[in-house]
Amino acid sequence: MKNMVLIGGGHSHAIALRLLGLHPLPNVALTLITDVLDTPYSGMLPGYIGGFYAFSECHIQLRHLARFAQARLVLDRAIGLDLPNKQVICREHAPIAFDWLSIDIGSTPAMAAIPGAVEYAIPAKPVPQFLAAWNHLVASLQSAPENFGDRPLRLGIVGGGAGGVELALTMQTRLRQLFKAGGLSPALVEIHLFHRQFNLMTGYPTSVGKCFHQLLIQRGIHLHLSETVRQIAVISESISDRDSQPLKKIIYCESGLTEICDDIFWVTHAIAPSWLQASGLATDDRGFILVNDTLQSISHPDIFATGDIATAIHHPRPKAGVFAVRQGKPLFENLRSISSGQSPCPFHPQKRHLALIGTGEARAVAAWGRYWLGPSSWLWFWKDWIDRRFMA
Ligand SMILES: Cc1cc2nc3c(=O)[nH]c(=O)nc-3n(C[C@H](O)[C@H](O)[C@H](O)COP(=O)(O)OP(=O)(O)OC[C@H]3O[C@@H](n4cnc5c(N)ncnc54)[C@H](O)[C@@H]3O)c2cc1C
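Note that this is a predicted model, so its numbers are computed, not measured.

Details of the nonpolar core
Among soluble globular proteins, nonpolar side chains are generally buried collectively. In this structure, Trp 134, Leu 155, Ile 157, Met 171, Leu 175, Ile 191 and Phe 212 are the most contacted members of the largest nonpolar core, which totals 53 residues. Take this core: its biggest share by element is eight residues, from helix 6 (residues 162–181).

Quick look at the structure:
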């Protein structure tokens, strides 16, 4: 019996596990190491923030999927690789041996280099911590709206890529609804978006960024473009107006701009955990695993990597869930090939993809290359239909 180990229940692994359940591999013992039992589907995450979806509608239940694939589920966090001995080092469990390994653990926003960011800002990933902070804010508003009544609620979002823009729009919509429901003025909700470049939506054509630029201005979101955040601090208590309120945070930008916020969400460019590079795997300058067209590590062909954590040397793509999803089936096929002694096949991802980006208010914008359409409610219905079909 050979051991095939999957680390992380990301988008590609979710699809591969389903296919492994439908087409079990003979003489292979399968193990899934995951630090969560419910893994989020990125396409519906902003919709969850916007109040359109329940938790269960936008999370994949890994326990069920692992059972279907006849995989042993290890609820733990991988923290290292012992490559000479072909073992995964976990935080709680004894090392787990593998013959073939596949890694789909996503990425996290880079924030360690900014003083105060780790302590006082809330990163968009890991998603469970992010949702805990968001749900806490929503619950406080629902249970005691009077605590928010006489002052603006100011949220800072650092990072004007697709994730940051979508969060700004959906958070604003949801918070305005909650303020209204609590008998408060929705005008008290202030969203401040900070972005290092002048053009929003890095990685998308300028025309798409301009479309969202206009939309954010129409929606009254405060745009701080060409602003590099250099430090986050808490405001000193002598300045803070109310001792009973949680401490406010202050954002310092390189230009000298400062903004005081109640909460700061961090959605900047992604990086990889350091243990991958430390293990001896070949990685790029941000720590992502370098893979060839067959999704195999260029340094260790028994190791596959997909999704955000992988950088395909011949076909680099933005870190987006859509690409992780597309890699699911070829990953399964190549795991099947390698376990039966055959050569894995190359996979060529498409160059352009259709992006359907929610704007809150049950509307979405469609972007294809440099063309875009919307925002409109039928595009939202279309996006909703695609996402629900995927989850089903
Ligand atoms: C706010 C926001 C909105 C976004 N919206 C979209 C969108 O609409 N469309 C889109 O295409 N992309 C979107 N993205 C990007 C998208 O979230 C990622 O590109 C996508 O999730 C990557 O998928 P993945 O399979 O690589 O990993 P993930 O979906 O991040 O899954 C990784 C899994 O591995 C687990 N894990 C992590 N580390 C370990 C470990 N050490 N040990 C064990 N398990 C581990 C995690 O808990 C998680 O379950 C958004 C991102 C953000 C921040």
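Things to note about the site of the ligand
Around the ligand, 31 residues are found, and the nearest of them are His 11, Asp 35, Thr 39, Asp 104 and Asp 308. In this structure, Thr 39 approaches the ligand through a side-chain N or O atom, which is 2.6 Å from an oxygen atom. For the ligand, the protein covers 88% of the area, taking 1,000 Å² as the surface of the free molecule. Going through the elements one at a time, strand 2 (28–34), helix 6 and helix 9 (321–326) are the ones with two or more residues in the shell around the ligand. A per-element tally of the shell around the ligand places helix 9 first, with three residues.

A look at the sheet that holds strand 5 (residues 71–75)
Across the sheet, five strands lie side by side as 5-2-1-9-21; this open sheet has parallel pairing. Of all the strands in the sheet, just strand 5 and strand 21 (303–305) have a single pairing partner and so form its edges. Taken over all neighbouring pairs, the strand axes of this sheet differ in orientation by 20° on average, direction set aside. Pairing of strand 1 (residues 2–7) with strand 9 (residues 100–103), which is carried by four bridges, proceeds in the parallel orientation. Bridge assignment links Met 4 to a residue of strand 9, and that residue is Trp 100.

Quick look at the packing of aromatic side chains
In this structure the tally under the stated criterion is six aromatic pairs. When the ring of Phe 52 is compared with that of Trp 380, the centres are 4.9 Å apart and the planes differ by 45°; the resulting orientation is tilted. Here the residue Phe 52 occupies a position in the loop between helix 2 (45–49) and strand 4 (59–61), and Trp 380 occupies one in helix 11 (residues 377–391), the gap between them amounting to 328 residues. Phe 52 sits in the partly exposed class, given a relative accessible area of 29%. Aromatic ring contacts, followed pair by pair, group Phe 52, Tyr 53 and Trp 380 into a single cluster. Here the basic side chain of Lys 319 rests over the ring of Phe 288, its NZ or CZ set 4.0 Å away from the ring centre.

Things to note about the packing of helix 5 (residues 127–143) against helix 6
In contact at an axis separation of 9 Å, helix 5 and helix 6 are set at 25° when each is read in the N-to-C sense. In terms of their interaxial angle, helix 5 and helix 6 are classed as roughly parallel. The handedness of the crossing between helix 5 and helix 6 is right-handed. Residue-level inspection shows Phe 130, Trp 134, Leu 137, Val 138, Leu 141 and Gln 142 of helix 5 in contact with helix 6, the latter providing Leu 167, Met 171, Arg 174, Leu 175, Leu 178 and Phe 179. Of the residues assigned to the contact of helix 5 with helix 6, the class counts are ten nonpolar, one polar and one charged.

Considering unusual backbone geometry
A cis amide bond links Lys 125 with the next residue in sequence, Pro 126, at an omega value of 0°. Pro 375 follows Gly 374 through a cis peptide bond whose omega is 0°. At Lys 86, a position not held by glycine, the phi torsion is positive, near 50°. One can find Lys 86 in the loop between strand 6 (78–82) and strand 7 (87–90). On the basis of relative accessible area, Lys 86 is assigned to the partly exposed category, the value being 27%. Phi at Leu 295 takes a positive value of approximately 70°, unusual for a residue other than glycine.

Observations concerning the domain arrangement of the chain
Examined at the domain level, the chain breaks down into domain 1 (2–107 + 272–351), domain 2 (117–269) and domain 3 (353–392). Opposite the 13 residues of domain 1 that make contact, domain 2 presents 14 residues. Summing both sides of the interface, domain 1 and domain 2 together bury roughly 1,100 Å²; the carbon and sulfur share of this comes to 71%. Three residues stand out in domain 1 for area buried against domain 2, namely Pro 46, Tyr 48 and Ile 49, and they jointly supply 46% of the buried area on that side. Counting the contacts that link domain 1 with domain 2 gives zero salt bridges. In this structure, the connection of domain 1 to domain 2 is made through two residue pairs in polar contact (both at pLDDT 80 or more). Take the side of domain 1 that touches domain 2: its biggest share by element is four residues, from helix 2. When the residues that make up the side of domain 1 that touches domain 2 are grouped by side-chain class, the tally is seven nonpolar, four polar and two charged.

Regarding the side chain of Arg 151
As for its placement among the helices and strands, Arg 151 is situated in the loop between helix 5 and strand 12 (153–158). Classification of Arg 151 as buried rests on a relative accessible area of 10%. Here Asp 262 takes part through its side chain, which lies 2.9 Å from a polar atom of the side chain of Arg 151.

Looking at the pairing of strand 16 (residues 249–253)
In terms of residue burial, strand 16 counts as a mostly covered element, since four of its five residues are buried. Here strand 15 (residues 229–234) pairs with strand 16 via five bridges, running antiparallel. Residue pairing across strands places Ala 233 opposite Ile 250, the latter belonging to strand 16. Of the strand pairs in this sheet, strand 16 and strand 17 (residues 258–261) are connected by four bridges, and their pairing is antiparallel. Within the sheet, the bridge partner assigned to Tyr 252 lies in strand 17 and is Thr 258. Counting the residues in the hairpin turn of strand 16 and strand 17 gives four residues, including Gly 256, whose phi is positive at 105°.

Cut-offs applied
Residues numbered from 1 in each chain as written. Predicted model: local features only at pLDDT ≥ 70, side-chain atom pairs only at ≥ 80, totals over all residues. Heavy atoms only, no water. Core = buried A, V, L, I, M, F, W, Y, C linked by side-chain atoms within 4.5 Å. Buried < 20%, exposed > 50% of the residue type's maximum accessible area, 1.4 Å probe, protein only. Helix = DSSP H or I, 4+ residues; strand = E, 2+ residues; numbered from the N terminus. Near = heavy atom within 4 Å. Polar contact = N/O pair within 3.5 Å; in protein donor to acceptor, adjacent residues only side chain to side chain. Areas by Shrake-Rupley, 256 points an atom, 1.4 Å probe, with all protein chains shown as cover. Pairing = 2+ DSSP bridges. Axes fitted to C-alpha atoms, helices over the stretch in contact; angles between N-to-C directions. Phe/Tyr/Trp six-rings, centres within 6.5 Å; stacked < 30°, edge-to-face > 60°. Lys NZ or Arg CZ within 6 Å of the ring centre and 35° of its normal. Parallel < 35°, antiparallel > 145°, perpendicular 65-115°, else oblique. Left-handed = near helix turned anticlockwise from the far one by under 90°. Contact = heavy atoms within 4.5 Å. Nonpolar A, V, L, I, M, F, W, Y, C, P; charged D, E, K, R; others polar. Domains from an automatic or database assignment. Buried area = accessible area lost by both parts, 1.4 Å probe. Salt bridge = Lys/Arg side-chain N within 4 Å of Asp/Glu carboxyl O.

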